Amino acid sequence: MTNAIFTGLMLGGMYALIAMGLTLQYGVARIMNLSYGEFLVAASFASYWLFTGWALNPLLGLAIVVPIGFGVSIILYRVLLTPLVRRAPTRDALEVDSLLATFGMMFIVQGIMLTMFGGAYFSYSFLSIPVTVFGETLALNRLIAFGLAVVFGLALYLALTRTRFGTAIRAVAVDPTAARLVAIDVTSVSAFAFALGGAMVAAAGVLVSMFLTFSASSGVIFTMKALMVVVMGGVGNLLGCLVAGLALGLSESLVATFVDPGLTLAVNFALFLGVLLVKPAGLFGRAQR
Amino acid sequence: MSPTQIAALAAGGAGLVVLALLPFYIDAYYLSLSISLLQFTVLATAWGLFSGPTRYVSLATTAFFGVGAYTVAVLGELLAWPLVLLIATAIGALMALIVGISTLRLSGLHFVIFTFGLAELVRQLVIWYEVNKTRVLGRYVFVDITQSDIYWQLLALAVAVFVIGWLIARSRLGFALRIIGEDETVAKHCGINVTLAKVTLFTISAVFITLVGAIMAPRWTYIEPSIAFNPTISFQVVIMALLGGAHRLWGPAVGSIPLTLLFEFLSTRFPATSTLIIGIVFLLIVYALPSGVVGLWERVSRRKPEPPVAPQVQA
Amino acid sequence: MTAASPAPVLEVSGLTRAFGGLVAVNAIDLAVQTGQIVGLLGPNGSGKTTALNLMSGVLRPDSGSIRFAGQAIEGLPAHRIARLGLARTFQLVRVLNGMSCAENVKAGLAFHRPPLSRGEIDESVDRLLRRVGLANRGGLPASGLTYIDCKRLELARALALKPRLLLLDEWLAGLNPSELLIGIELIRSLKDEGLSILLVEHVMDAIRSLCDRCVVMNSGRRIAEGRPDEVLADPAVIEAYLGVSTDA
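The rules behind the values
Residues numbered from 1 in each chain as written. Chains lettered and ligands numbered in written order. Predicted model: local features only at pLDDT ≥ 70, side-chain atom pairs only at ≥ 80, totals over all residues. Heavy atoms only, no water. Helix = DSSP H or I, 4+ residues; strand = E, 2+ residues; numbered from the N terminus. Rg over C-alpha atoms; globule rule 2.2 N^0.38 Å. Contact = heavy atoms within 4.5 Å. Areas by Shrake-Rupley, 256 points an atom, 1.4 Å probe, with all protein chains shown as cover. Lys, Arg positive; Asp, Glu negative; His and termini not counted. Charge placed at Lys NZ, Arg CZ, Asp CG, Glu CD. Salt bridge = Lys/Arg side-chain N within 4 Å of Asp/Glu carboxyl O. Polar contact = N/O pair within 3.5 Å; in protein donor to acceptor, adjacent residues only side chain to side chain. Pairing = 2+ DSSP bridges. Axes fitted to C-alpha atoms, helices over the stretch in contact; angles between N-to-C directions. Phe/Tyr/Trp six-rings, centres within 6.5 Å; stacked < 30°, edge-to-face > 60°. Buried < 20%, exposed > 50% of the residue type's maximum accessible area, 1.4 Å probe, protein only. Lys NZ or Arg CZ within 6 Å of the ring centre and 35° of its normal. Expected span 1.5 Å × (residues − 1). Domains from an automatic or database assignment. Buried area = accessible area lost by both parts, 1.4 Å probe. Parallel < 35°, antiparallel > 145°, perpendicular 65-115°, else oblique. Nonpolar A, V, L, I, M, F, W, Y, C, P; charged D, E, K, R; others polar. Left-handed = near helix turned anticlockwise from the far one by under 90°.

1. Concerning the overall build of chain C
Then comes step 1: Summing up its helical and strand segments, chain C has nine helices and 10 strands in all.
Then comes step 2: Computed over C-alpha atoms, the radius of gyration of chain C comes to 18 Å, within 12% of the 18 Å expected from 2.2 N^0.38 for 248 residues, which places it in the range of a compact globule.
Then comes step 3: The dimensions of chain C, computed from C-alpha atoms along their principal axes, are 60 × 40 × 40 Å.
Then comes step 4: Relative to all contacts within chain C whose residues are 6 or more apart in sequence, the contacts with residues 24 or more apart total 66%.
Then comes step 5: Accessible surface for chain C amounts to roughly 10400 Å². Of this, 51% is attributable to carbon and sulfur atoms.
Then comes step 6: Looking at chain C, you have 27 positive and 26 negative side-chain charges, and the mean spots of the two groups are 7 Å apart.

2. Some thoughts on the interface of chain B and chain A
Then comes step 1: Every contact between the two is made by 34 residues of chain B and, on the other side, 43 residues of chain A.
Then comes step 2: Joining chain B to chain A, the criterion identifies zero salt bridges.
Then comes step 3: Summed over the shared surface of chain B and chain A, the number is two residue pairs in polar contact (both at pLDDT 80 or more).
Then comes step 4: Mapped by element, the contributors of at least two residues to the side of chain B that touches chain A are helix H4 (81-103), helix H5 (108-134), helix H11 (232-244) and helix H13 (274-288) of chain B.
Then comes step 5: The biggest single contributor to the side of chain B that touches chain A is H5(B), with 14 residues.

3. Focus: the sheet that holds strand E3 (residues 37-41) of chain C
Residues and elements named next belong to chain C.
Then comes step 1: The strand order E6-E7-E8-E3-E9-E10 describes an open sheet built from six strands, whose pairing is mixed. Each end of this open sheet is capped by a strand with a single partner; those strands are strand E6 (86-88) and strand E10 (221-226). Across the sheet, the mean angle separating the axes of adjacent strands is 20 degrees when strand polarity is ignored.
Then comes step 2: In terms of strand pairing, E6 meets strand E7 (residues 165-169) through three bridges, oriented parallel. Residue pairing across strands places Leu 86 opposite Leu 165, the latter belonging to E7.
Then comes step 3: Where helix H1 (residues 48-56) meets the sheet, it contacts E3, E6, E7, strand E8 (196-200) and strand E9 (213-218), and its direction lies at approximately 150 degrees from that of E7.

4. Describing the packing of aromatic side chains
Then comes step 1: One pass over the full model with this rule turns up 26 aromatic pairs over all chains.
Then comes step 2: Judged by centre distance (5.7 Å) and plane angle (85 degrees), the rings of Phe103(A) and Phe282(B) are edge-to-face. Residue Phe103(A) is found in helix H4 (residues 91-117), and its partner Phe282(B) is found in helix H13; the two belong to separate chains.
Then comes step 3: Classification of Phe103(A) by relative accessible area gives buried; the value is 5%.
Then comes step 4: A relative accessible area of 1% means that Phe282(B) is categorised as buried.
Then comes step 5: Pairing Tyr56(B) with Phe111(B) gives two aromatic rings, centres 5.2 Å apart and planes at 70 degrees, and the pair type is edge-to-face. Of the two residues, Tyr56(B) sits in the loop between helix H2 (28-54) and helix H3 (61-75) while Phe111(B) sits in helix H5, which places them 55 residues apart along the sequence. No difference in accessibility class separates Tyr56(B) from Phe111(B), as the two residues are buried.
Then comes step 6: The structure contains a cluster of three or more aromatic residues connected by ring pairs, namely Phe45(A), Tyr48(A), Phe117(A), Phe122(A) and Phe214(A).
Then comes step 7: If you follow Arg94(C) out to its NZ or CZ, it ends over the ring of Phe90(C), 5.1 Å from the centre.
Then comes step 8: Looking at Lys106(C), its charged tip hangs above the ring of Phe175(B), at a distance of 4.7 Å from the centre.

5. So, the environment of Ile233(B)
Residues and elements named next belong to chain B.
Then comes step 1: Note on placement: Ile 233 falls in helix H11.
Then comes step 2: With relative accessibility at 8%, the residue Ile 233 sits in the buried group.
Then comes step 3: What Ile 233 contacts, discounting residues up to four positions off in sequence, is Leu 43, Thr 61, Thr 62 and Phe 65.

6. Observations concerning helix H2 (residues 36-54) of chain A
Then comes step 1: Along its 19 residues, H2(A) runs 26 Å from first to last C-alpha, staying within 8% of the 27 Å computed at 1.5 Å per residue.
Then comes step 2: The first or second residue beyond H2(A) is Ala55(A), which carries a positive phi of 55 degrees.

7. Observations regarding the domain arrangement of chain C
All names here are of chain C.
Then comes step 1: When the domains of chain C are assigned, the result is domain 1 (1-85 + 163-173 + 186-248) and domain 2 (92-162).
Then comes step 2: A separation of 26 Å is found between the C-alpha centroids of domain 1 and domain 2.
Then comes step 3: Taken residue by residue, the interface counts 16 residues in domain 1 and 12 residues in domain 2.
Then comes step 4: Between domain 1 and domain 2, a total of about 1200 Å² is buried, with carbon and sulfur atoms accounting for 59% of that surface.
Then comes step 5: When residues of domain 1 are sorted by the area they lose upon contact with domain 2, Arg 83, Pro 163 and Trp 171 head the list and together hold 48% of the total.
Then comes step 6: Where domain 1 meets domain 2, there are one salt bridge.

8. Points about the packing of helix H5 (residues 140-162) of chain A against helix H6 (residues 164-174) of chain A
Residue and element names in this part refer to chain A.
Then comes step 1: The geometry of H5 relative to H6 is characterised by a closest axis approach of 5 Å and an angle of 85 degrees between their N-to-C directions. Between H5 and H6, the angle falls in the class roughly perpendicular. Where H5 approaches H6, its residues Ala 159, Leu 160, Thr 161 and Arg 162 are matched on the opposing element by Arg 164, Gly 166, Thr 167, Ile 169 and Arg 170.
Then comes step 2: Across the contact of H5 with H6, the residue classes break down as three nonpolar, three polar and three charged.

9. Re the environment of Val122(B)
Residues and elements named next belong to chain B.
Then comes step 1: Looking at where Val 122 falls in the secondary structure, it is placed in helix H5.
Then comes step 2: Along the primary structure Val 122 and Val 72 are separated by 50 residues, whereas in three dimensions their C-alpha atoms are 16 Å apart.
Then comes step 3: When residues no more than four places from it in sequence are discounted, the contact partners of Val 122 are Ala 63, Val 67, Met 95 and Phe 229.

10. What to know about the pattern of salt bridges
Residue and element names in this part refer to chain C.
Then comes step 1: For the structure shown, the criterion picks out 18 salt bridges over all chains.
Then comes step 2: Between Glu 123 and Arg 127 there is a salt bridge, and its shortest N-O distance comes to 3.9 Å. One end of the pair, Glu 123, and the other, Arg 127, are both in helix H4 (residues 118-131), four residues apart, so they sit about a helical turn from each other.
Then comes step 3: Judged by its relative accessible area of 38%, Arg 127 is partly exposed.
Then comes step 4: The partner of Arg 188 in a salt bridge is Glu 185, with the nearest N and O atoms 3.4 Å apart. Of this pair, Arg 188 and Glu 185 both sit in helix H6 (residues 177-192), separated by three residues, roughly a single helical turn.
Then comes step 5: On the basis of relative accessible area, Arg 188 is assigned to the partly exposed category, the value being 28%.
Then comes step 6: Given a relative accessible area of 43%, Glu 185 falls into the partly exposed group.
Then comes step 7: Where salt bridges share partners, they join Arg 137, Asp 149 and Arg 152 into one cluster.

11. Regarding the side chain of Asn53(C)
Then comes step 1: Among the secondary structure elements, Asn53(C) is positioned in helix H1.
Then comes step 2: When residues no more than four places from it in sequence are discounted, the contact partners of Asn53(C) are Val58(C), Leu59(C) and Arg88(C).

12. Details of the packing of helix H9 (residues 219-233) of chain A against helix H11 (residues 264-278) of chain A
Residue and element names in this part refer to chain A.
Then comes step 1: Relative to each other, H9 and H11 sit at 25 degrees, their axes nearing to 10 Å. As judged from the angle between their axes, H9 and H11 are roughly parallel. Helix-helix and strand crossings are classified by hand; for H9 and H11 the assignment is left-handed. Contacts between H9 and H11 involve Ile 221, Met 224, Lys 225, Met 228, Val 231 and Met 232 from the first element and Leu 265, Asn 268, Phe 269, Leu 271, Phe 272, Val 275 and Leu 276 from the second.
Then comes step 2: Among the residues forming the contact of H9 with H11, the class breakdown is 11 nonpolar, one polar and one charged.

As structure tokens, this is what we get:
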């Protein structure tokens, strides 16, 4: 039982980490990024390549991969997504357009990775030393990844709530029109938030690659879990991300332990639908008037 | 009926006869290509039936297609073929009802997320069931269905999807869906049961997709969940319907023909980079043709001067 | 109300709805007698539109009852309420832009129970367009209409439901002075045909000349009720609109 809960919490922490970037991209920039998981896997591949090719510690690799994630995302937003933002008459129209555009992007990123690495599964061994915590044996890399996820999450939370720019980001998330009225440059803030999300997903990709096997086509499942966590938690809400991620992870590991490992996805979906039927705006979402 | 309508009907009938006789005159390669064309035409048109007017982007095509194919894999040898198709229809409809009732009350975006994962969910459930209950994973399909049979069945299904789509567009249901697509709140206040209308159409659309999966199943001799629930189908169907323009009944068909040919070409010539190229084509369509070929054609033809007295709409 | 007045077509009591900690509508009582025009007034953000949304079924009330033509409708879905004969317009005018004017009106006619025949629908479309002053505009796309014509079209769509009660949410807002007179006359003529109307409005001239009674809301609560001239002179109402004078 404790083992199941422990595994669930670790898994949930990972889901929360994965979803944090998406909640920024979707909550602030209103880009429903279906290629999110592909970017995560791309960061995993980058980390793999740095580790096996250059013997670079993934934790140091973060210092390279995360800025690249930020830079690529900002270019992507400026070049590909800004035209859609301009074209869209309403927020809903932008959501549909961005959804389709990122859906295409998903295949492009996946296609590039397939061309470069083929369809095989990859993994590398980094700090897979067993350690004992609360009487449970865990791999050190998982523990480090979990710890860093907490640090990143906390840093992001503080940056959003304690800084001026963070306040601007949250203002755009709540009401872009009103944000414009108080002299916030909505386009720049959206681009920055999207890129910050890109940096977060790059970090998540590196951390995940330390203990999971991945392939060029495993992005979809990450996208799906991240979307579920974001929507369940309430779009744009970091605390919601954490709670929904943990709920998803816990339910998954409990079902895998006590019912059947083949039913984890079913339980994810059941939880997702259950939450939305009771609270359509998500656990921490604002109800619409 | 006006003379032009009679002429159109006659031309359509003649075209249909030609299409029906085609398997007698073409070789296996072209027959196989024609099957692919028909398959995607029906899939894209059926997708457009629901997603066109409601603007709910469904990524669940694979889920229904796979359920149809897998039904044949399980029951194909046990029951008569029409009965197998009937059961596939029933299963597809039931699944669509469950999915529709539980998700179509949600916003369009939540619906997308759900359908995005639906194929994966159904695949996992099928694997779970097969591993735990029947203890077989992967089945051989031994049914007495030739390629020509598949072709004719798909042709009949294509006719059916167009006729039903045409009837829906002329019905109160079709009108209701157009209003829903324009403004859901207004639709509710016009007395439209929005959920019922959406679920009904989603189910009709899903039944066609399930049937395509069932009819196509004998094409493979061996089926396992990862073959039946191949996620690229969902994606191909969306891109075809978008290229053509999903807001008109015949729009998706306009998109399905060139893209089927393109995909066929890519998968034989550039198998390694086909995913990448498909992605680029998709982006081009989203950016350059937001309302599809049909939408573009309508915009161009609308530039012509209109008659001075606007006609009363009686549709 | 005196005993002579006819039965109310709409009777709201204790209606409450909160969003998080904000109680947008707080224990509102309100009644519309058959054939009357009742004004629902109050400063911006006082909960008027939320109250309308609760009555027309966009939102579910947390508590309270809504009786429409003798039937409890609180919590019913919007389409059921519409079919019972409660029609409305929207604060931000909602016209179906992708359709023609005739189709916009048809939207209100096509889903009657029992359904109308095609002939009845076509005849009603023409009659309703004429009724709101859009005769012979049926074939035009709704997207090309001017602001007042959009409002007319929306009204025609609402009337197409054959309503017993019409909810007008700031239907007169944004009209210029001459359009305003036309608009007021149009609403008055609807009343003369026996329609009951609940209108949310800020245009005081319209309120004085149209309303039989008014209910005033502030911060979700009902603060006054009575004849228009009475409530508009009520100190509590003046205070709600203009604020408390500091030297009082």
